[in-house]
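# Examining the three-dimensional arrangement
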Amino acid sequence: MQIVDPPRCPICSSKRVWKDGIRYTKYGNVQRYICRDCGHRFSETPQNSFDKPERVKKNGAKILCSPSNLLSNRQICVTQPTGMKNLVKVETRTETRPAGATKLVAPDLHTKPIQKVSSEENILAVFKAWIQRQGYKQSTSEAYAKRIKILLGRQADLWNPENVKGVIAEQETWGNGFKKCMVNAYERFLEMEGLTWKKPRYKQDQKIPFIPLEKEINQLIAGCGKKMALFLQGLKETGADPGELWRIEWKDLDKARRVVTINHTVKGHNPRTLPISKEWLAMLERFPMTSNRVFTNTYRTHYQNFRNQRKRVAAKIGNPRILQIKFTSFRHWKATMEYHQTKDLLHVKMILGHKCVKNTEIYVSIDRQLFSGFTDEFTSKVATTVEEDRKLIEAGFEYVTERNGAKIYRKRK
């Protein structure tokens, strides 16, 4: 039995290589390998072919050649197999490649210095750990690391700020708001590396959010599954951010007072206590308690399920407006309805958890646009007993004030 030594990587000389498919050439099949240390792909010449030259045809004439000659101009390229894409940080750059190019000519190890190779996973892990050490939340560190990964996927040189500026500016499908987020994430990366740059200016565009009708919201909730309906009903009643409601725990629910406490805030919101209805509380009681948190699977999977169920409901009832409803649409609807009923901007600010009232002022303009054709005329009723109070409330009247022991209610015409 002949023992064959495993091939070595021509870049780092490592023997930790995997087979990575076969190259089908006109001279025969050639085995390809990929290095598990540096991620380079290369082709290795079979050992039993050096003493067996083959006669092949080239331009109609037979020539004598061996596999070693055929593979002398082989290509070695940096690719992205699953979990092994590498970021090459070159200390002395001698050649500039266009964006998207992946093929390199095999370097001469005797005349050129070996490149310093850093794994993409290591860069993201170090960056994420550094962000958390600066006092940011885990969700913030994951978001920043995700944006840095996007820059790496766009072939951006993270140690060249001008190159990163160009990559961000060239993305036509990115809005100014997303570009601003990318700039903020890259600024943290430069801070970690001790580098500076002249930050580009991107101002987020203000857009009026889509406000669905309450009828459309109820149709969507009724057409979704048990778990999805529970989540959507909670968004409708509380007006909480989807990330905040996703992180609630069973101990945050006060069934006696019928309130839920938002302690796991996002985007710098204030913690707050919000009322809930008997209907949503009944849905929670029927939901199984399998962990400390109410919702246990990943947020990305949950949102993908929502998109699938939303598409099915829209097709079933024949209303394409259902497809425009997102998780945040419930929050915008709640804020708009609360301001329309109370005209109290501070009340809406408290429900949404905003720290600055400027973020809440957008719902004033939304209310004026959506309800410009509606009048502010009301029908008033007076109740003196508990039974009258109950009937007026069931009829849709809302409490206004009390005079001489009588309670005054009103309802919009």
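Residues numbered from 1 in each chain as written. Predicted model: local features only at pLDDT ≥ 70, side-chain atom pairs only at ≥ 80, totals over all residues. Heavy atoms only, no water.

## Some points on the overall build of the chain
What counts here: Here a helix means four or more residues in a row that DSSP labels H or I, a strand means two or more in a row labelled E, and each is numbered from the N terminus. Categorising residues by exposure relies on relative accessible area from a 1.4 Å probe, with only protein chains included: less than 20% of the type maximum marks a residue as buried, more than 50% marks it as exposed, and the intermediate range marks it as partly exposed. Contact between two residues is taken to exist if any of their heavy atoms lie within 4.5 Å; hydrogens are not considered. Shrake-Rupley sampling with a 1.4 Å probe provides the accessible areas, and residues are treated as covered by the protein chains on show and by no other component.
Across its full length, the chain carries 14 helices and 15 strands. Out of the 413 residues belonging to the chain, those deemed buried represent 36%. Taking contacts inside the chain between residues at least 6 apart in sequence as the whole, the part at least 24 apart equals 57%. Just so you have it, the chain exposes about 26000 Å², and 49% of that area is on carbon and sulfur atoms.

## What about the sheet that holds strand 12 (residues 272-275)?
The line we're drawing: In this scheme, strands are said to pair when DSSP sees at least two bridges between them.
Ordered by their spatial adjacency, 3 strands build an open sheet running 10-11-12, and the pairing between neighbours is antiparallel. Strand pairing shows two members of the sheet lacking a second neighbour, strand 10 (253-254) and strand 12, which therefore form its edges. Examined bridge by bridge, strand 10 and strand 11 (residues 259-262) share 2 bridges and lie antiparallel to one another. Residue pairing in the sheet places Leu253 in a bridge with Val260 of strand 11.

## Quick look at unusual backbone geometry
For Arg258, which is not a glycine, the phi torsion comes out positive at approximately 55°. Looking at the element boundaries, Arg258 is found in the loop between strand 10 and strand 11. By relative accessible area, Arg258 is classed as partly exposed at 32%. One non-glycine residue with positive phi stands out, namely Lys267, at about 55°. Structurally, Lys267 is set in the loop between strand 11 and strand 12. By relative accessible area, Lys267 is classed as exposed at 68%.

## A closer look at helix 2 (residues 120-133)
For an α-helix, the turn length of 3.6 residues means that residues three or four places apart are oriented alike. Stated precisely, the cut-off is as follows: For a helix, the expected span equals 1.5 Å multiplied by the residue count minus one. Along the arc lie the directions from the helix axis toward the C-beta atoms.
Over its 14 residues, helix 2 runs 20 Å from end to end, which matches the ideal 20 Å to within 8%, given 1.5 Å per residue. For helix 2, the complete set of buried residues consists of Glu120, Ile123, Leu124, Phe127, Trp130 and Ile131. Taken down its axis, helix 2 places every buried residue within 130° of arc, on the same side. In the stretch just after helix 2, Gly135 is the one whose phi turns positive, near 100°.

## With respect to the sheet that holds strand 15 (residues 406-412)
Which entries qualify depends on this criterion: Here an axis means a line fitted to C-alpha atoms, over the contact stretch when the element is a helix, while the angle between two N-to-C directions is reported on a 0 to 180 degree scale.
As summarised here, the arrangement of the 3 strands in space is 13-15-14, forming an open sheet in which the pairing is antiparallel. A single partner strand is all that each edge strand has here, and the edge strands are strand 13 (378-383) and strand 14 (398-403). Within this sheet the neighbouring strands show an average axis-to-axis angle of 25°, counted without direction. Summarising the sheet, strand 13 and strand 15 pair through 6 bridges and their orientation is antiparallel.

## Observations concerning the packing of aromatic side chains
Stated formally: In this analysis, rings of Phe, Tyr and Trp, with Trp reduced to its six-membered ring, are considered paired at centre separations within 6.5 Å, and the interplanar angle assigns stacked below 30 degrees, edge-to-face beyond 60, and tilted for intermediate values.
If you walk through the whole model with that rule in mind, you get 18 aromatic pairs. Measuring from ring centre to ring centre gives 5.8 Å for Phe231 and Trp246, while their planes differ by 80°; the resulting arrangement is edge-to-face. Taken together, the positions of Phe231 in helix 7 (residues 226-238) and Trp246 in helix 8 (residues 242-246) put the pair 15 residues apart, joining distant regions of the chain. Of the two residues examined, Phe231 and Trp246, each falls in the buried class.

## Section: the pattern of salt bridges
For the record, the criterion: By salt bridge we mean one thing: a side-chain nitrogen of Lys or Arg within 4 Å of a carboxyl oxygen of Asp or Glu.
In total, this model carries 17 salt bridges according to the counting rule given. With its nearest N and O atoms 3.0 Å apart, the salt bridge here joins Asp20 to Arg41. One end of the pair, Asp20, is in strand 1 (residues 17-25); the other, Arg41, is in strand 3 (residues 40-43), and 21 residues separate them in sequence. By relative accessible area, Asp20 is classed as partly exposed at 24%. Here Glu162 ties to Lys165 by a salt bridge, and the two come within 3.6 Å at their closest N and O atoms. With Glu162 and Lys165 both in helix 4 (residues 161-170) and 3 residues apart, this pair spans about one turn of that helix. Glu162 gets classed as exposed once you look at its relative accessible area, which sits at 54%. A residue is classified by how much of its surface remains accessible, and Lys165, at 18% relative accessible area, is buried. Through salt bridges with shared partners, a single ionic network connects Glu187, Arg188, Glu191 and Lys199.

## Side note on the environment of Lys411
The condition that has to hold: Counted as a polar contact is a pair of N or O atoms within 3.5 Å, where, for protein atoms, one must be capable of donating a hydrogen and the other of accepting one, and residues adjacent in sequence contribute only when both atoms are in side chains.
Counting through the fold element by element, Lys411 comes out in strand 15. Given the relative accessible area of 32%, Lys411 is considered partly exposed. Spatially, the C-alpha atoms of Lys411 and Tyr399 are 9.1 Å apart, while their sequence positions differ by 12 residues. At 3.3 Å, the side chain of Lys411 forms a polar contact with the backbone oxygen of Ala395.

## Points about the confidence of the model for the chain
In plain terms, the rule: Looking at any residue, its pLDDT shows the predictor's confidence there, from 0 to 100.
Across the chain, the average pLDDT comes to 80, with 79% of residues at 70 or higher. Below a pLDDT of 50 lies the segment residues 46-117, which in the model reaches 98 contacts outside its immediate sequence neighbourhood of four places, other chains included.

## Here's the deal with the nonpolar core
Test applied: The nonpolar core is taken to be a set of buried Ala, Val, Leu, Ile, Met, Phe, Trp, Tyr and Cys residues, with the residues joined through side-chain atoms within 4.5 Å.
Counting residues in each nonpolar core, the largest one holds 46 residues, and the members touching the most others are Leu220, Leu230, Phe231, Leu232, Trp280, Val294 and Phe330. Residues contacting Val294, with those up to four places away along its chain left out, are Leu230, Ile248, Glu249, Trp250, Leu284 and Phe287. Judged by nonpolar contacts, the second largest core, of 25 residues, contains Leu124, Leu152, Ala156 and Val167.

## Some details on the packing of helix 6 (residues 214-223) against helix 7
Definition in use: Roughly parallel means an angle under 35 degrees; roughly antiparallel, over 145; roughly perpendicular, 65 to 115; everything else is oblique. Charged residues are taken to be Asp, Glu, Lys and Arg, nonpolar residues to be Ala, Val, Leu, Ile, Met, Phe, Trp, Tyr, Cys and Pro, and polar residues to be all remaining types, Gly included.
In contact at an axis separation of 9 Å, helix 6 and helix 7 are set at 155° when each is read in the N-to-C sense. With respect to their mutual orientation, helix 6 and helix 7 come out roughly antiparallel. Two secondary-structure elements touch here, helix 6 through Glu214, Ile217, Asn218, Leu220 and Ile221 and helix 7 through Ala229, Leu232, Gln233 and Lys236. Of the residues in the contact of helix 6 with helix 7, the class split is 5 nonpolar, 2 polar and 2 charged.

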